[in-house]
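# Examining the three-dimensional arrangement
Given next are the chains, with one letter for each unit.
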Amino acid sequence: MSIARREYANNFTPLRLLLALLVLLAHAPELVDGDRRREPLTRLFGTLSFGESAVDCFFLLSGYLIVQSWLAAPHAASYLRKRVLRIYPGFVVASLVCGMVVGPLGADAAAYAAQFWPGGFVAGIALLQTPVVPPVFAGQPHASVNGSMWTIALEFACYLTVLAAGLAGALRRRLAWLLASAALVAGALAWQLAGRTLPDLPRLAMCFFCGGSFFLYREPVARWPAGPVVVSLVTLILLAALTSRVLAEPALATLGCWLLLRAAFAPAPALAPLRRLPDVSYGVYLYGWPVQKLLLWYWPALSPWTLFALAAPLAIALGTASWYLVEKPCLALRDWGWRKTRDSPLFQGNLAKKR
């Protein structure tokens with residue numbers, strides 16, 4: 001199968017939905033009583049949770065796709081418009097829902113309204129921060145109106161990094177991006193060998209850069225041996241690395257990225273119906289936390305697994321509404337200015353002259 005064909009027939013949509021649901025699964029035990037040790041992946045490996053691994057994988061996929069997006073159309077204004085329209089509309093609406101609906105439901109409504117600070121709330125939205133609201137969910141572990149939103153600002157910062165690298169020509173000289181990726185991986189190893197916990201920014205930047213490197217070197221990577229034996233061996237090495245506090249993150253960013261992209265471009269005819277689904281993963285990610293918190297607020301005796309079973313379909317429903325009512329209509333505006341200019345008589349006249 002040609003590279004172009006594999007790029008077209010991909011499994012990114014079902015993969016992203018799975019990752020968003022894994023975040024909900026990982027949050028369930030901690031939101032019930034603050035005890036992360038019951039989280040399945042933490043119990044298995046003692047290092048990363050499903051939530052951390054899923055967020056890492058989101059950034060790996062994002063690095064691959066955003067670098068691809070810039071190189072497909074390396075124009076700053078167009079690129080920035082696309083990135084803003086992908087991130088901000090869904091984020092703004094989810095923030096408003098959290099601030100105006102979830103917050104009052106998770107606190108004394110009168111006290112909440114009296115303490116609400118509109119300026120801080122609006123500034124938080126502009127900076128892609130967790131909604132700035134009065135205290136909510138008093139007495140519960142992780143008493144935040146939306147504890148998942150912290151990654152969105154880092155995601156957008158990675159988008160701006162691609163913009164800066166593209167304008168500087170670093171993406172055309174792909175070795176520079178690869179060396180930066182290698183430096184981040186080496187830095188993560190050195191940091192953790194020193195017995196320190198890897199901060200979120202370098203961890204997610206490492207994943208984003210590694211994903212971008214796999215896109216830039218996709219043609220040589222496509223020539224690597226990738227039969228069942230090789231895939232099984234790489235999987236076993238990754239699983240072994242996940243038991244090590246030092247190796248878990250770097251292994252996921254490198255070996256895990258290769259396996260993730262193998263899954264993303266696997267033919268998998270059985271997944272064909274899922275490829276046609278709307279991409280509701282962003283909405284599921286944004287609404288999963290507040291749905292779980294409200295369920296626990298009104299039914300505090302829920303077990304972690306019951307919480308997940310109830311929250312997952314609700315988050316998918318809200319993610320679907322977000323896609324059709326907010327995200328998809330806004331994404332339709334990405335090329336509006338270009339189409340308008342392209343179809344104008346003046347543009348067509350200039351084009352005819354050039355011909």
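None of the values given here were measured: they were computed from a predicted structure.

Calculation rules
Residues numbered from 1 in each chain as written. Predicted model: local features only at pLDDT ≥ 70, side-chain atom pairs only at ≥ 80, totals over all residues. Heavy atoms only, no water. Helix = DSSP H or I, 4+ residues; strand = E, 2+ residues; numbered from the N terminus. Expected span 1.5 Å × (residues − 1). Buried < 20%, exposed > 50% of the residue type's maximum accessible area, 1.4 Å probe, protein only. Contact = heavy atoms within 4.5 Å. pLDDT = per-residue confidence, 0-100. 1 Å grid on protein atoms, 1.4 Å probe; cavity = no way out; pocket = protein on both sides within 12 Å on 5 of 7 lines; lining within 4 Å. Points joined across faces, edges and corners; volume = space filled by probe spheres on them. Nonpolar A, V, L, I, M, F, W, Y, C, P; charged D, E, K, R; others polar. UniProt positions renumbered as here; feature names shortened; annotations may be inferred. Axes fitted to C-alpha atoms, helices over the stretch in contact; angles between N-to-C directions. Left-handed = near helix turned anticlockwise from the far one by under 90°.

Between its first and last C-alpha, helix α8 (residues 150-167) extends 27 Å over 18 residues, near the 26 Å set by a 1.5 Å rise per residue. Looking at α8, one finds that the buried residues are T151, I152, A153, L154, E155, F156, C158, Y159, V162, L163, A165 and G166. Of the surrounding secondary structure, the elements contacted by the buried residues of α8 are α4 (50-72), α5 (76-105), α9 (174-193), α10 (200-216) and α15 (281-298). Following α8 by one or two positions, G169 adopts a phi angle in the positive range, close to 85°.

Now for the confidence of the model for the protein chain. Summary statistics for the protein chain give a mean pLDDT of 91 and a share of 92% for residues scoring 70 or more. A low-confidence stretch, residues 1-7 (pLDDT under 50), is modelled with nine contacts involving residues beyond four sequence positions or located in other chains. Of the regions scoring below 50 in pLDDT, residues 340-355 engages in five contacts with residues more than four places distant in sequence or in other chains.

Moving on, we get to the layout of surface pockets. The volume enclosed by the largest pocket comes to roughly 880 Å³. Lining the largest pocket are 27 residues, and of these R16, L65, I66, R86 and D279 lie nearest its centre. Contributing elements (two or more residues each) for the lining of the largest pocket: α4, α5, α8, α15 and α16 (304-331). Among the elements that make up the lining of the largest pocket, the one with the highest residue count is α4 (10 residues). Here the lining of the largest pocket is composed, by residue class, of 14 nonpolar, five polar and eight charged. Space inside the second largest pocket adds up to approximately 570 Å³. Lining the second largest pocket are 28 residues; nearest its centre among them are R36, S49, E52, D200 and R203. When residues of the lining of the second largest pocket are traced back to their parent elements, those giving at least two are α2 (12-33), α4, α8, α10, α13 (248-264) and α15.

Here, UniProt's "transmembrane region" (unreviewed entry) annotation points to residues 87-107, 149-168, 175-194, 224-244, 250-268 and 305-326. Within the segment residues 87-107, helix and strand shares are 90% and 0% respectively, and the terminal C-alpha atoms sit 28 Å apart. Strand forms 0% of residues 305-326 and helix 100%; the C-alpha atoms that close the span are 30 Å apart.

Moving on: the packing of α9 against α10. At their nearest, the axes of α9 and α10 sit 9 Å apart, and the two run at 145° to each other. Once α9 is placed against α10, the crossing between them reads as left-handed. Taking contact as the criterion, the partners of R174, W177, L178, A180, S181, L184, V185 and A188 in α9 are, on α10, A205, M206, F208, F209, C210, G212, S213 and L216. The residue makeup of the contact of α9 with α10, split by class, is 12 nonpolar, three polar and one charged.

Turning to unusual backbone geometry, a few remarks are in order. The backbone phi angle of F137 is positive, close to 50°, even though this residue is not glycine. Note that F137 resides in the loop between α7 (118-126) and α8. The backbone of H142 shows a phi angle near 55°, a positive value even though the residue is not glycine. Locating H142 in the fold gives a position in the loop between α7 and α8.

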